[in-house]
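Listed here are the chains, written in short residue letters.
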Amino acid sequence: MPHGLLDETHDPARRSWVAAANLPGTDFPIQNLPLGVFSRGAGDRRGCVAIGDQVLDLAAGLAAGLFEGEAGEAAHAGSGPVLNPLLALGRGASRALRRRVSAILAEGSADRAVASRCLVPMAELRLHRPVEVGNFTDFMASRFHTARMGAKRDPANPLPPSFLHLPIAYHSRATTVRVSGEAVARPHGQSLGPDGKPRFGPVLALDFELEFGAVIGPANRMGDPIPVARAGDALFGFCLVNDWSARDVQRFEMMPLGPFLSKSLSTSISPWIVTAEALAPFAAPAFARLEGDPEPLPYLMAAADQAAGGLDVSLDCWMTTPRMRTEGAAPARIVATSARHLHWTFAQMVAHHTSNGCDLRTGDLLASGTVSGPEAEGRACLAEVVLEDGGLTLPNGERRTFLEDGDEVWFTGRAERAGYVPIGFGECRARIDPAKSWPMG
Ligand code: CA
């Protein structure tokens, strides 16, 4: 992320008149200002900005006269039931809105009295999928995940031949992208049983994949590739992604065309889009290639992207089982990893994705693939733990190979750097519901 986006909104001394935004450990200080979509009671869905334990209702703010000019145009575009019209306006509008919202919510603001009437407590609202996702592409950008998953097939060469040359991906399903909080019913699927014969029924090996996602801002026209040096401008913002995976179905179906129903069963995303502007202080160098790795071809390489195209965002996965909740046990942190472990930057993903002339549309979701790190605690899906250890042992002694009904899994993300106020991503959470009965007749 370009450091050129840094401005007064990142000032660590800036505080908000919304008291909860100044608490240490909050995900939503005034330096963050992520965008979402909420409803209250039977009311409409409308765009908002998170601040502490409140949201600023953009439609109410417009009606109260808080926005004008470019920020007003942006607030209007972001005030509807999905954020796509705002995403389409691009970086200038996003930045103008951020600067105006930051000024409104800052301590000492002359707009405090008016703006306080446009706040809604998070405890009183429901959050919705913030973006109409037209297309969803899932990459496989962590070398550590890819190597662990490939080690059983060929321990000497666990990476597929193309992995070090291009960001590999598959086209996944956009219609089943859901917002955090919606339960995931165990799906039905066909897999090979232990007797080697096909079986069909509730899937047996349901897994999570801890991923990081980007939503596309302005679209490119079909036939017009986005060069890697400009690809950062296509990345409006970021969210947490859980690419739920049915491993038993996946093993049987994916040769040779790749995953299909094992992945389209459901994908959860966090309700907040953390903008590229908010993440500017947390830019990091691209993943360092190892000694002997090939240099990627020039269309994937740009000096600025190599210097600052990575993101320093820590990502954790938490879990409770029904027994843990009954016993009042604390949630278990079962994964601790970082977006720094991604071998490819999101700009490289965009450049590669569009290199054949494919158009990306506003609101498209690009997910990183399982963000595993090198250490055991960085194994960011159960399949890796099962391959290496046979399963997961929770603090109360319970064992899991894959997820059981009633298990609840959620991701958190946090960006921290000395000299800046840390920001968070909220949660990407879902509980596994039992399979529904198969329709008869
Ligand atoms: Ca995935």
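On a predicted model such as this, the values are computed, not experimentally measured, just so you know.

Caption draft 1: Here's a closer look at the side chain of Arg148. Residue placement: Arg148 occurs in helix α6 (residues 143–151). We classify Arg148 as buried; its relative accessible area is 11%. Non-local contacts of Arg148, meaning those with residues more than four positions away in its chain, are made with Ser372, Gly373, Pro374, Glu375, Arg379, Glu384, Leu387 and Glu388.

Caption draft 2: Structural context of the sheet that holds strand β3 (residues 54–57). If you walk across this open sheet you meet the five strands as β4-β3-β2-β1-β5, and the pairing is antiparallel. Edge positions in the sheet fall to β4 (119–121) and β5 (126–128), since each of these pairs with one other strand and no more. Pairs of neighbouring strands in the sheet enclose a mean axial angle of 50°, with direction left out of account. Alignment of strand β1 (residues 35–39) against β5, held across three bridges, turns out to be antiparallel. Opposite Ser39, over in β5, you have Arg126 as the bridge partner.

Caption draft 3: Inspection of the pattern of salt bridges at higher detail. Tallying each qualifying case throughout the model produces 34 salt bridges. In this structure, Arg40 and Glu124 form a salt bridge, with 2.4 Å as the shortest nitrogen-oxygen distance. Remark: Glu124 occurs in the loop between β4 and β5 and Arg40 occurs in the loop between β1 and β2 (46–51); sequence separation between them is 84 residues. A relative accessible area of 41% means that Arg40 is categorised as partly exposed. Its relative accessible area of 43% is what places Glu124 among the partly exposed residues. For the salt bridge of Arg100 with Asp111, the shortest nitrogen-to-oxygen distance reads 2.9 Å. Here the residue Arg100 occupies a position in helix α4 (residues 91–105), and Asp111 occupies one in the loop between α4 and α5 (112–116), the gap between them amounting to 11 residues.

Caption draft 4: Just the packing of aromatic side chains, in detail. Tallied over the full model, the rule gives nine aromatic pairs. When the ring of Phe212 is compared with that of Phe425, the centres are 5.5 Å apart and the planes differ by 65°; the resulting orientation is edge-to-face. Taken together, the residues Phe212 in strand β13 (residues 210–216) and Phe425 in strand β26 (residues 423–433) connect sequence positions 213 residues apart. Look at Phe212 and you get buried, because its relative accessible area is 0%. Judged by its relative accessible area of 0%, Phe425 falls in the buried class.

Caption draft 5: Up close: unusual backbone geometry. With an omega of 0°, the peptide bond between Met255 and Pro256 qualifies as cis. For Leu33, which is not glycine, the phi dihedral falls at a positive 60°. Topologically, Leu33 is positioned in the segment before β1. We classify Leu33 as buried; its relative accessible area is 5%.

Caption draft 6: Structural detail: α6. Taken together, the buried positions of α6 are Arg143, His145, Thr146, Arg148 and Gly150. If you follow the buried residues of α6, they end up packed against α13 (382–389). Between the side-chain oxygen of the N-cap and the backbone nitrogen of Phe144 there are 3.2 Å, and the N-cap of α6 in question is Ser142.

Caption draft 7: Highlighting the coordination of the calcium ion. Protein ligation of the calcium ion involves Asp138 (OD), Glu209 (OE), Glu211 (OE) and Asp243 (OD), the donor distances falling in the range 2.2 to 2.3 Å. All donors to the calcium ion come from one chain, and their sequence spacing reads D-x70-E-x1-E-x31-D. Pair noted here: Asp138 is in strand β6 (residues 136–139) and Glu209 is in the loop between β12 (206–207) and β13, with a separation of 71 residues, a long-range link. Overall, the relative accessible area of 1% leaves Asp138 in the buried class. You can call Glu209 buried: its relative accessible area is 4%.

Caption draft 8: Local environment of the packing of α6 against α13. Where α6 contacts α13, the axes come no closer than 10 Å and their chain directions differ by 45°. Taken together, α6 and α13 sit at an angle that is classed as oblique. The two elements α6 and α13 cross, and the hand of that crossing is left-handed. Listed contacts from α13 to Phe144, His145, Arg148 and Met149 of α6 are Ala383, Glu384, Leu387 and Glu388. Residue composition of the contact of α6 with α13, grouped by class: four nonpolar, one polar and three charged.

Conventions we followed
Residues numbered from 1 in each chain as written. Predicted model: local features only at pLDDT ≥ 70, side-chain atom pairs only at ≥ 80, totals over all residues. Heavy atoms only, no water. Helix = DSSP H or I, 4+ residues; strand = E, 2+ residues; numbered from the N terminus. Buried < 20%, exposed > 50% of the residue type's maximum accessible area, 1.4 Å probe, protein only. Contact = heavy atoms within 4.5 Å. Pairing = 2+ DSSP bridges. Axes fitted to C-alpha atoms, helices over the stretch in contact; angles between N-to-C directions. Salt bridge = Lys/Arg side-chain N within 4 Å of Asp/Glu carboxyl O. Phe/Tyr/Trp six-rings, centres within 6.5 Å; stacked < 30°, edge-to-face > 60°. Polar contact = N/O pair within 3.5 Å; in protein donor to acceptor, adjacent residues only side chain to side chain. Donors = N, O, S within 2.8 Å, 3.2 Å for Na, K, Ca; no water. Parallel < 35°, antiparallel > 145°, perpendicular 65-115°, else oblique. Left-handed = near helix turned anticlockwise from the far one by under 90°. Nonpolar A, V, L, I, M, F, W, Y, C, P; charged D, E, K, R; others polar.

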